[in-house]
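Here is what each chain is made of, one letter per residue.
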Amino acid sequence: MSRENQLQAFERLLNIMDELREQCPWDKKQTLQTLRHLTIEETYELGDAILDNDLNEVKKELGDLLLHIVFYAKIGSETNDFDIADVCNEICEKLIHRHPHIYGDVKVENEEEVKQNWEKLKLKEGKKSVLEGVPRSLPAMVKASRIQDKVKGVGFDWEEPYQVWDKVQEELQELQDEVKTGNQDKIEDEFGDVLFSMINYARFLNVNPEDALERTNKKFIKRFQYLESKANELGKPLMDMTLAEMDVFWNEAKKL
């Protein structure tokens with residue numbers, strides 16, 4: 001599709017948004033606050049489509065997210081705070097400023113140097129901490145990954161994977177020590193340290209821990225639902241089956 005056609009499609013969406021905001025009772029009532037949780041939901045739906053590698057669904061979910069962006073910009077324009085042009089220009093200026101190796105005379109050798117320069121530039125922009133860019137409302141696992149990425153950008157990182165694995169082992173031992181004491185607060189504290197160190201190790205293995213865990217979730221759901229279907233075929237509720245009986249079907253599911 002040509003750039004002209006792309007711009008026409010975007011203008012069509014803007015026009016429809018204008019019409020909906022003026023004429024639709026539901027759209028007229030929405031605010032930044034009422035849309036927030038819906039935007040988060042749409043983002044997770046996009047994430048699901050990406051994990052499933054369903055490109056047609058990715059296209060649909062991107063449209064839903066784009067609608068939300070246009071919706072927020074429309075609301076902003078009504079209070080004269082910002083409009084869609086301001087949104088586009090803001091990100092354009094940021095991208096140009098954050099890519100001096102493209103739009104300036106800075107030389108970089110690889111992706112890692114790009115990320116390091118990115119964090120340095122953000123600090124020069126007035127941020128007091130490299131961690132300011134990590135949203136407070138992120139799920140804990142995603143937040144841990146982003147925290148570790150951020151500090152890596154300024155050189156605070158392990159040098160070799162084996163060092164991180166040693167740290168995992170150390171944290172596991174500390175967890176076991178606290179389990180023996182029975183202090184629930186300390187157990188939770190050490191359990192968090194284990195998870196944080198495992199997420200760190202995942203980074204050194206080039207594994208996205210959120211994606212990895214979701215793959216395991218999907219795998220477990222598929223196997224458990226196979227177990228449920230077999231139990232239904234036998235006319236025997238799961239709660240009436242022994243673990244040994246359930247294991248037979250679980251192992252069958254693993255082979256599928």
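Everything numeric in this text was worked out from a predicted model, so none of it was measured. (Residues numbered from 1 in each chain as written. Predicted model: local features only at pLDDT ≥ 70, side-chain atom pairs only at ≥ 80, totals over all residues. Heavy atoms only, no water.)

## What to know about the nonpolar core
And step 1. Y226, L227, A231, M241, M246, F249 and A253 together form the largest nonpolar core, which totals 7 residues.
And step 2. Of all the secondary structure elements, the ones that give two or more residues to this core are α11 (209-234) and α12 (243-255).
And step 3. Excluding residues that lie within four positions of it along the chain, L227 makes contacts with L238, M246 and F249.
And step 4. Counting residues in hydrophobic clusters, the runner-up holds 6 residues, among them M17, L35, V70 and Y72. (Core = buried A, V, L, I, M, F, W, Y, C linked by side-chain atoms within 4.5 Å. Buried < 20%, exposed > 50% of the residue type's maximum accessible area, 1.4 Å probe, protein only. Helix = DSSP H or I, 4+ residues; strand = E, 2+ residues; numbered from the N terminus. Contact = heavy atoms within 4.5 Å.)

## Notes on the layout of surface pockets
And step 1. When its volume is computed, the largest pocket comes out at roughly 900 Å³.
And step 2. Those elements that place two or more of their residues in the lining of the largest pocket are α3 (32-51), α7 (111-124), α8 (140-152), α10 (184-204) and α11.
And step 3. Ranked by the residues each element gives to the lining of the largest pocket, the list is headed by α3, at 8 residues.
And step 4. Class assignment for the residues of the lining of the largest pocket results in 14 nonpolar, 7 polar and 11 charged.
And step 5. In this structure, the second largest pocket occupies an estimated 260 Å³ of space.
And step 6. As for the second largest pocket, its lining consists of 13 residues, and the residues nearest its centre are Q148, F156, W158, F196 and N200.
And step 7. Among the elements of the structure, α8, α9 (161-181) and α10 are those that each provide at least two residues to the lining of the second largest pocket.
And step 8. Ranked by the residues each element gives to the lining of the second largest pocket, the list is headed by α10, at 5 residues.
And step 9. Looking at the lining of the second largest pocket residue by residue, the class counts come to 5 nonpolar, 3 polar and 5 charged. (1 Å grid on protein atoms, 1.4 Å probe; cavity = no way out; pocket = protein on both sides within 12 Å on 5 of 7 lines; lining within 4 Å. Points joined across faces, edges and corners; volume = space filled by probe spheres on them. Nonpolar A, V, L, I, M, F, W, Y, C, P; charged D, E, K, R; others polar.)

## Let's talk about the side chain of R98
And step 1. Position of R98 among the secondary structure elements: in helix α5 (residues 84-98).
And step 2. The buried category is assigned to R98, whose relative accessible area is 5%.
And step 3. Those residues in contact with R98, other than ones at most four positions away along the chain, are W118, L121, K122 and E125.

## Looking at unusual backbone geometry
Negative phi values dominate among residues other than glycine, just as trans dominates among peptide bonds.
And step 1. Unlike most non-glycine residues, N53 shows phi in positive territory, near 55 degrees.
And step 2. With respect to the helices and strands, the residue N53 is situated in the loop between α3 and α4 (55-78).
And step 3. Overall, the relative accessible area of 59% leaves N53 in the exposed class.

## A look at the packing of aromatic side chains
And step 1. The final tally for this structure, using the stated rule, is 3 aromatic pairs.
And step 2. Here W165 and Y201 contribute two aromatic rings whose centre-to-centre distance is 5.1 Å and whose plane-to-plane angle is 35 degrees, an arrangement assigned as tilted. One end of the pair, W165, is in helix α9; the other, Y201, is in helix α10, with 36 residues separating them in the sequence.
And step 3. For W165, a relative accessible area of 36% puts it in the partly exposed group.
And step 4. Consider the rings of F220 and F224, whose centres lie 6.1 Å apart with planes at 10 degrees: the pair is stacked. Linking F220 with F224, this pair stays in helix α11, spanning 4 residues, or about one helical turn.
And step 5. Aromatic rings pair up to connect F220, F224 and W250 into one cluster. (Phe/Tyr/Trp six-rings, centres within 6.5 Å; stacked < 30°, edge-to-face > 60°.)

Geometry only, nothing functional implied.
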